[in-house]
Amino acid sequence: MSAEQQNNEEVTIDLRRLFILIRKHIISILIWMIGLGLIAYGVSEYVLVPKYTASTQLLVNRKTADANQAYANQQADINAVTTYKDIITSNVILKGASKYLANPVTLVKKATPAKKATPAKKAVYKTNDDGTRALVKKAVNAKPAVYKRESKSYSISPSELASAVSVTTTTSSQVFTLSATAETPAKAQAIANAVAKEFKEQIPKIMDVNNVTIVAEAPKGTKSFPNVKMITAVGVLAGLVISLLIIIIKDLSDTTVREDSFMTNELGLTNLGEIASITMPKDWTFTAKTAEKRGSSRRRV
């Protein structure tokens, strides 16, 4: 027998032995797989702190009426996306976004300036013939500014925003995606929209060009961590691997001789014969009288 044939035979025997072990310990393997799968599910669902991600898209597009200049502007905007990616995560933008998140209000209507406001006047009434008073002219007062609260207030430092925000770009595209990750869906949404709003307002001052448009504001965040299905699957797989390792190690540490070839080939012993397994009747008992009969029968022979 060649060395290659011998190796193939050993592999076949080892695989056969492995299948026998799996079939023998299938219950314990299933227990390990189900047990670790349940543990992994419980940890991912109830122990790990969930994270939510919200994304908004921004378009870099310089508007121009010149058709000849349009293509050049488009290429310039595509090249500017890489620069904008670094600017949007800079401290200048994040500081403004942090300030806005602490008090997220937007000006709806400006206040009437004091120097342009009509001087305050009292209401004018006239007295009728019957002695009653009727309003002729309403009082004129300066109007205050009107603000709209966009979302709940969040106290987030610029450094925390830097770790929560990420930017994704696509080759040869004027659109890039700003994503924010937080502990709640509403907080992730507020961070993404605040950073995008601050970036849009500050980019004309930084680059001296107004070519950024918010294509779509971020919706409420969706759960991005943990991936319960994946972690549970990893737990089930870990249960399978661990149970197989335990079974194989236990089998390898068993010194019981299972085949005659081990005695002859490995230990160099001569096989003198085999003793078959003898099964005695349940009601059979060994007594001195039985031994005496067996002894006398042997002597007669």
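Residues numbered from 1 in each chain as written. Predicted model: local features only at pLDDT ≥ 70, side-chain atom pairs only at ≥ 80, totals over all residues. Heavy atoms only, no water.

Within the secondary structure, Ile206 sits in helix 6 (residues 185-207). Judged by its relative accessible area of 39%, Ile206 falls in the partly exposed class. Taking the C-alpha atoms as reference, Ile206 lies 9.8 Å from Val92; in sequence the two are 114 residues apart. Apart from residues lying up to four places away in sequence, Ile206 is in contact with Ile87 and Ile93. (Helix = DSSP H or I, 4+ residues; strand = E, 2+ residues; numbered from the N terminus. Buried < 20%, exposed > 50% of the residue type's maximum accessible area, 1.4 Å probe, protein only. Contact = heavy atoms within 4.5 Å.)

To continue, consider the packing of aromatic side chains. We describe a pair of aromatic rings using the distance from one ring centre to the other and the angle between the two ring planes. On inspection of all chains with the given rule, the structure shows two aromatic pairs. Here Tyr84 and Phe199 contribute two aromatic rings whose centre-to-centre distance is 5.6 Å and whose plane-to-plane angle is 75°, an arrangement assigned as edge-to-face. Taken together, the residues Tyr84 in helix 3 (residues 67-88) and Phe199 in helix 6 connect sequence positions 115 residues apart. In this pair, the class of Tyr84 matches that of Phe199, namely buried. Residue Phe199 is classed as buried on the basis of its relative accessible area, which comes to 0%. When the ring centre of Tyr100 is taken as reference, the NZ or CZ atom of Lys197 above it lies at 4.6 Å. (Phe/Tyr/Trp six-rings, centres within 6.5 Å; stacked < 30°, edge-to-face > 60°. Lys NZ or Arg CZ within 6 Å of the ring centre and 35° of its normal.)

It is worth spelling out the pattern of salt bridges at this point. Counted under the stated rule, the structure contains four salt bridges. The network of salt bridges with shared partners includes Lys51, Glu183 and Lys187. (Salt bridge = Lys/Arg side-chain N within 4 Å of Asp/Glu carboxyl O.)

Contact geometry for helix 2 (residues 26-47) and helix 7 (residues 228-252): axes closest at 7 Å, N-to-C directions at 150°. For helix 2 against helix 7, the interelement crossing comes out right-handed. (Axes fitted to C-alpha atoms, helices over the stretch in contact; angles between N-to-C directions. Left-handed = near helix turned anticlockwise from the far one by under 90°.)

This paragraph deals with the layout of surface pockets. Space inside the second largest pocket adds up to approximately 320 Å³. Taken together, 15 residues line the second largest pocket, and the ones lying closest to its centre are Tyr100, Glu150, Asn193, Ala194 and Glu217. Of the residues that constitute the lining of the second largest pocket, the class distribution is seven nonpolar, four polar and four charged. (1 Å grid on protein atoms, 1.4 Å probe; cavity = no way out; pocket = protein on both sides within 12 Å on 5 of 7 lines; lining within 4 Å. Points joined across faces, edges and corners; volume = space filled by probe spheres on them. Nonpolar A, V, L, I, M, F, W, Y, C, P; charged D, E, K, R; others polar.)

Before going further, it helps to examine the side chain of Ser179. Along the chain, Ser179 falls in strand 7 (residues 175-182). According to the relative accessible area criterion, Ser179 is buried, its value standing at 10%. Filtering out sequence-adjacent residues up to four positions away, Ser179 remains in contact with Thr53, Ala54, Ser55, Ala164, Val165 and Ser166.

When pLDDT is averaged across the protein, the result is 81; 79% of the residues are at 70 or more. The secondary-structure element of the protein with the lowest mean pLDDT is helix 9 (residues 288-300), recorded at 56, while helix 2 shows the highest, at 95. (pLDDT = per-residue confidence, 0-100.)

With that settled, the discussion passes to unusual backbone geometry. At the junction of Phe225 and Pro226, the peptide bond is cis and its omega measures out at -5° in the coordinates. Tracing the chain through its elements places Pro226 in the loop between strand 9 (222-225) and helix 7. Of note in the backbone geometry, Ser172 takes a positive phi value of approximately 60° without being a glycine. Looking at where Ser172 falls in the secondary structure, it is placed in the loop between strand 6 (165-169) and strand 7.

What follows deals with the nonpolar core. Ranked by size, the top nonpolar core spans 34 residues in total, and within it Tyr84, Phe176, Leu178, Ile191, Val195 and Phe199 carry the most contacts. Sorting the residues of this core by element identifies strand 1 (51-60), helix 3, helix 4 (91-102), strand 6, strand 7 and helix 6 as the ones contributing at least two each. Here this core gets nine residues from one element, more than from any other, and that element is helix 6. Here Leu178 is in contact with Ala54, Ser55, Thr56, Leu58, Ile88, Val165, Ser166, Val167, Ala192, Val195 and Ala196, once residues within four sequence places are set aside. (Core = buried A, V, L, I, M, F, W, Y, C linked by side-chain atoms within 4.5 Å.)

Close contact between helix 4 and helix 6 brings their axes to 8 Å; oriented N to C, the two are set at 130°. The angle between helix 4 and helix 6 falls in the class oblique. Helix 4 and helix 6 meet at a crossing whose hand is right-handed. Contact residues: Ile93, Leu94, Gly96, Ala97, Tyr100 and Leu101 in helix 4; Ala190, Ile191, Ala194, Val195, Lys197, Glu198, Phe199, Gln202 and Ile206 in helix 6. Taken together, the residues of the contact of helix 4 with helix 6 sort by class into 11 nonpolar, two polar and two charged. (Parallel < 35°, antiparallel > 145°, perpendicular 65-115°, else oblique.)

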